[in-house]
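A structural walkthrough
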Amino acid sequence: MAIRQPIVTVLGHVDHGKTKFLDMIRGSAIVEKEAGAITQHIGATEVPMSAIEKISGNLIRKFGFKIEIPGLLFIDTPGHEAFSNLRKRGGSIADMSVLVVDINQGMQQQTFEALEILRGFKVPFIVAANKIDLIQGYESKNEEFSKNIENQEERAKKLLDEKIYALVGKLFEHGLQSERFDRCNDFTKQIPIVPACAKTGEGLPEVLMLLAGLSQKFLKSQLTIDENIPGKGTILEVKEERGLGKTIDIILYDGMLKVNDKIALGGKHSVIETKIRALLKPPAMEQIGQTAEKFVSVKEVHAAAGVKIAAPDLADALAGAPLLAVKTGNEAKMIEEEIAEVKIETQAEGVVLKADTLGALEAMVLLIGKQGLKPKIADVGDVTRRDIMEALAVKEKKPFEAIVFAFNVGIEPGAEEEAKKREIKIFSGNVIYKVIDDYQKWISEMKEAERKKTLECVVLPARMVFMRGFVFRNSDPAIFGIKILQGCIRPGIEIMNEKGAIIGKLEAIQSQNESVKEAKKSQEVAVSVKGAVIGRNLAPGEELLTFMPKKNFLELDKLSGFLSSEELELVEVIKKLESQKEKSKGMVS
């Protein structure tokens, strides 16, 4: 039995420094310039323990970690999409993750999405609070944060602490306890936050120390593997390579693979069984520039490793799907069962989800769940006409769920035409958070339009005064001048006096001799009111109110945010007045 390298991913919001952070890790290991300081894998970078010891040795000893792991394997592509393809039954092959947050901007939308994905897949993580060099007065250096913090001015230290505890507060809102790494009392309960700067390299020793130390301390059992058993891996990417045809880039997380091994892997339509023709890795760091070869062939590879596989029949291989070396003959069935599990969380009514990989599909299910949505269909592949018809079936009962999410996939021409014809919205893109963001904007716009439509149909509260000296006709209809004291009036409403008695129906409004559709607070307008007779049920100087039918009050409840606090108070006054009038009628009868 052997202990393999933990597989580490880097997640975070766009522009918060994920790529720079990975470059910093690779760059620092290369700078050490010792033989084998860094091993480049397909889709991953291995930083051996010798390099970590050189960079973080003092801290490892200070925190009392005893390290046996051979190093750390960092997945090269940061972000949600790469992470979502690191899937295996019941979770992720990622052992740990670094959540990169711009300390000055704090937690952003993509950060929260990354947080939900990590929690959903039960992957432990640390927070790298990046860009400390932009904190006013802070001077970042290429060394341990623990040393450099001592040289900062008190004002800069205070500003840093304020920003750290803003992050602590946000994480607490999401049910997570956290603390600056050197103030953590219990790493099993608190997420360590490391102040860092990807530009200077400050904080890197602490990040590497924590990743190595916490993996060793808490993940030893899952890192202990038999290197010689048949390999288990996950497909990161399917790529066309010149001279090789379709190839797959995989992360091997258990066992070993050899050239000529039979393998079974997930395909778009069914399980693919084939034989490894070649195992390929990038040339060693010292060979780059000395060889024109893009890849170097190896006879075998042991976990954990990133490797490219060339084999026949890989055209339909599916990124995010499992790969197993064939030993018992049951592997194809195991893969079928695992892929089938992705589709179980569907329901009779819900949205349609289409993605290019199983991992992306799972990540989408997780993230739309946070929007209160569940999928009716969740499948890999392009959007078809059938998908549009499935969404249409939901439209009558749940119009806001009659939609299609299409992540990194095409839309068949027939499907696009049908969607336009049936008015089914398709949210497509190749960045998950952007697709979700587009949906949120659309929902806001649709609900706003719906509220405005409701607003046009309901009677709004208004208080007005009959202006003295502005009588244009006494009756049939009465035409006179009013000033709006509160709210808004429109033609078609009924007007009542302050005792709750209806005096007539407002037929038209004129402002400066022109008909208008409405009049608002502070406006002075002429109105014609059918049923009103000046001198009998109406007198100059009298205050008037809009009469509001009972069902109108229910409609107004849906319009929260549209009415001012003053208007809401007026609604209550009108409601009370109408209720009293109703009671007095009952007593008379």
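Here, the structure is the one placed above.
These notes cover the structure that comes with them. Everything numeric here is computed off the predicted structure, so don't read it as measured data. (Residues numbered from 1 in each chain as written. Predicted model: local features only at pLDDT ≥ 70, side-chain atom pairs only at ≥ 80, totals over all residues. Heavy atoms only, no water.)

A separate point is the sheet that holds strand β25 (residues 403-407). Pairing in this open sheet of four strands is parallel, and the strands run β24-β23-β25-β26 from one edge to the other. On the outer flanks of this sheet lie β24 (375-380) and β26 (425-429), each paired with one strand and no other. If you compare each strand with its neighbour and ignore which way they point, the axes differ by 10° on average. The strands touched by helix α10 (residues 358-369) are β23 (351-355), β24 and β25; relative to β23, the strand with the most contacts, the crossing angle is about 150°. (Pairing = 2+ DSSP bridges. Helix = DSSP H or I, 4+ residues; strand = E, 2+ residues; numbered from the N terminus. Axes fitted to C-alpha atoms, helices over the stretch in contact; angles between N-to-C directions. Contact = heavy atoms within 4.5 Å.)

This part covers the packing of helix α11 (residues 385-395) against helix α12 (residues 413-422). Describing two packed helices takes the angle between their axes plus the distance from one axis to the other. Between α11 and α12, whose axes approach to 8 Å, the crossing angle comes to 20°. Taken together, the axes of α11 and α12 lie roughly parallel to each other. The segment α11 lies against α12, with Arg385, Ile388, Met389, Leu392 and Lys395 engaging Gly414, Ala415, Glu418, Ala419 and Arg422. Across the contact of α11 with α12, the residue classes tally to five nonpolar, one polar and four charged. (Parallel < 35°, antiparallel > 145°, perpendicular 65-115°, else oblique. Nonpolar A, V, L, I, M, F, W, Y, C, P; charged D, E, K, R; others polar.)

A separate point is the sheet that holds strand β14 (residues 245-254). Ordered in space as β17-β16-β22-β13-β14-β21-β18-β19, the eight strands form an open sheet in which the pairing is antiparallel. Edge strands, defined here as strands with exactly one partner in the open sheet, are β17 (272-275) and β19 (296-298). For this sheet, the mean angle separating the axes of adjacent strands, direction not counted, is 40°. Taken together, the three bridges between strand β18 (residues 278-281) and β19 define a ladder with antiparallel strand orientation. Across the sheet, the residue bridging to Leu279 is Val298, located in β19.

Across the five residues that make up β23, a large majority, five, are buried. Along β23, one buried face is formed by Val351, Leu353 and Ala355 and the opposite face, lined by Val352 and Lys354, is buried too. For β23 and β24, the ladder comprises five bridges, and the chain directions are parallel. Each bridged residue has a counterpart across the sheet, and for Val351 the counterpart in β24 is Pro375. Crossover β23 to β24 through α10 is right-handed. As defined by bridge partners, β23 adjoins β25 across four bridges and the pair is classed as parallel. Residue pairing across strands places Val352 opposite Val404, the latter belonging to β25. (Buried < 20%, exposed > 50% of the residue type's maximum accessible area, 1.4 Å probe, protein only. Right-handed = clockwise from strand over helix to strand, strands pointing away.)

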